[in-house]
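# Results of the structural survey
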Amino acid sequence: MVLEGEMDGIGNTMQKKAAELERLAEVLVTGEQLRLRLHEAKVIKDRRHHLRTYPNCFVAKELIDWLIEHKEASDRDTAIKIMQKLLDQSIIHHVCDEHREFKDLKLFYRFRKDDGTFPLDSEAKVFMRGQRIYEKLMNTENSLLQTREEEGGTFERALLASEFIDWLLQEGEMATRDEAERLGRRLLEHGIIQHVSNKHHFADGPLLYQFRMNFRRRRRLIELLHERSRCIPESHDSPFCLRKQNSDGGNTSFLSVSPTKEIKVVVGVRRSSLSSSCGSSGYYSSSPTLSSSPPVLCNPKSVLKRQIVGDAVGWGFVVRGSKPCHIQAVDPGGPAAAAGMKVCHFVVSVNGLNVLSHDYRTVSNLILTGPRTIVMEVMEEA
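Note that the coordinates shown come from a computational prediction; the quantities given were computed from them, not determined experimentally. (Residues numbered from 1 in each chain as written. Predicted model: local features only at pLDDT ≥ 70, side-chain atom pairs only at ≥ 80, totals over all residues. Heavy atoms only, no water.)

## A closer look at the sheet that holds strand S8 (residues 208-211)
- With antiparallel pairing, four strands are arranged side by side in an open sheet as S5-S6-S8-S7. The open sheet is flanked by strand S5 (146-150) and strand S7 (193-195), the only strands paired with a single partner. In this sheet, neighbouring strand axes are inclined to one another by 60° on average, regardless of whether the strands run parallel or antiparallel.
- Relative to S8, strand S6 (residues 153-160) runs antiparallel, the two sharing two bridges. By the bridge assignment for S8, Leu160 is matched with Leu208.
- Each of S5, S6 and S8 touches helix H6 (residues 161-170); the most contacted strand, S6, lies at about 20° to it.
- Helix H7 (residues 177-189) contacts S7 and S8 of the sheet and is inclined by roughly 95° relative to S7. (Pairing = 2+ DSSP bridges. Helix = DSSP H or I, 4+ residues; strand = E, 2+ residues; numbered from the N terminus. Axes fitted to C-alpha atoms, helices over the stretch in contact; angles between N-to-C directions. Contact = heavy atoms within 4.5 Å.)

## A few points about the pairing of strand S2 (residues 52-59)
- Pairing geometry for strand S1 (residues 45-49) and S2, over four bridges, is antiparallel. The residue bridging Arg47 from the neighbouring strand is Tyr54, located in S2.
- As consecutive antiparallel partners, S1 and S2 are separated by two residues, and within that stretch His50 has a phi angle of approximately 50°, a positive value.

## Section: the state of the cysteines
- Applying the stated rule across the entire model yields zero disulfides.
- Cys57 forms no disulfide, and the closest cysteine sulfur to it belongs to Cys96, at a distance of 9.7 Å. (Disulfide = S-S within 2.5 Å.)

## Points about the sheet that holds strand S3 (residues 92-94)
- Ordered by their spatial adjacency, four strands build an open sheet running S1-S2-S4-S3, and the pairing between neighbours is antiparallel. Looking at strand neighbours, the two that pair on one side only are S1 and S3, the edges of this open sheet. Geometrically, the sheet is characterised by an average inter-axis angle of 55° between neighbouring strands, direction not taken into account.
- Two elements, S3 and strand S4 (residues 108-111), share three bridges in a ladder whose sense is antiparallel.

## Some remarks on the pattern of salt bridges
- Across all of its chains, the model carries 17 salt bridges by this definition.
- In this structure, Asp65 and Arg76 form a salt bridge, with 2.7 Å as the shortest nitrogen-oxygen distance. Here Asp65 is found in helix H2 (residues 60-69), whereas its partner Arg76 is found in helix H3 (residues 76-88), with 11 residues between them in sequence.
- The class for Asp65 is partly exposed, based on a relative accessible area of 38%. (Salt bridge = Lys/Arg side-chain N within 4 Å of Asp/Glu carboxyl O. Buried < 20%, exposed > 50% of the residue type's maximum accessible area, 1.4 Å probe, protein only.)

## Observations regarding the packing of H2 against H3
- At their nearest, the axes of H2 and H3 sit 9 Å apart, and the two run at 110° to each other. Viewed along their axes, H2 and H3 adopt a mutual orientation that is roughly perpendicular. Where H2 crosses over H3, the handedness of that crossing is right-handed. Where H2 abuts H3, its residues Lys61, Leu63, Ile64, Asp65, Leu67 and Ile68 lie against Arg76, Ala79, Ile80 and Met83.
- Along the lines of polarity and charge, the residues of the contact of H2 with H3 split into seven nonpolar, no polar and three charged. (Parallel < 35°, antiparallel > 145°, perpendicular 65-115°, else oblique. Left-handed = near helix turned anticlockwise from the far one by under 90°. Nonpolar A, V, L, I, M, F, W, Y, C, P; charged D, E, K, R; others polar.)

Shape is all these values report; function is a separate question.
Right, dumping it as structure tokens:
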């Protein structure tokens, strides 16, 4: 039997471990995406040297040229550091294992997945299994991933645990229900899936779960050189909440709040020079009155729950400030507005995690790395 609030008992240790494992997963997924791109571009191919053929390899110097040409690295030193990261994680290696450093020379390197030498430790196996399951679910026509309800909330692309286990058995992924349940628990502990409101561990039953990790998100190689939290650009606004320009080339209007709490319409202008490593469109406010100083919270009303389903360009709101952070801007035509989110709301929790003591960067990271459907608790002044 799974008790409500069981996730609280797992504690900070599991959260730290999950963060480390998630970082490992990002390296593995990024490396695999690069491998597939290089095969497609014919950068990886059979090559001959001294009358010997080396299958499925690439030339380091040519690869660095390719990375710069495709704007994955700004210069050769950065490209070397990126590839060294993959070499350190045993994703690539020198074809004869004679060089432990990635060098800008005419040396042959190969992805270990192409020659069967990838070290499949227990952690890597979980991620590879999770990725395979994710792709099978996304590529096949089935009714597992669908909009479902639990405890009054509606969640898109949600899996019913019991049906997921049935599917694992049907696909031959696991032999027994107990084994399938243990796999589900490992997927959750590795940050690949999560309970829709983060209240439960994985269990065979009527609970709903979503994939927390989007294996298909296009990773930028430069992300390998930075901590996960730094993937949020230092911009005036949160990167996950802003909208595309109108099709007629006009600007997008946002309802926003200044420190004096007056409601204003602020023009969102595209920042053409922004390159977001998180894959979000970048905008900034042209109003000089915006500030990260939140309005003072006095006599708050009761906590309100808001479920926001993100679309192709985000969730449609801006968070700023800290302890607690607040909603500074809302796109009137976006998902957040449709869910009842308003400026001046203070953020209490994101997907069940209390964030009253965190700043907007932390909240942004929680949303960016979470599911497409987010559940937020907010409060407003009385």
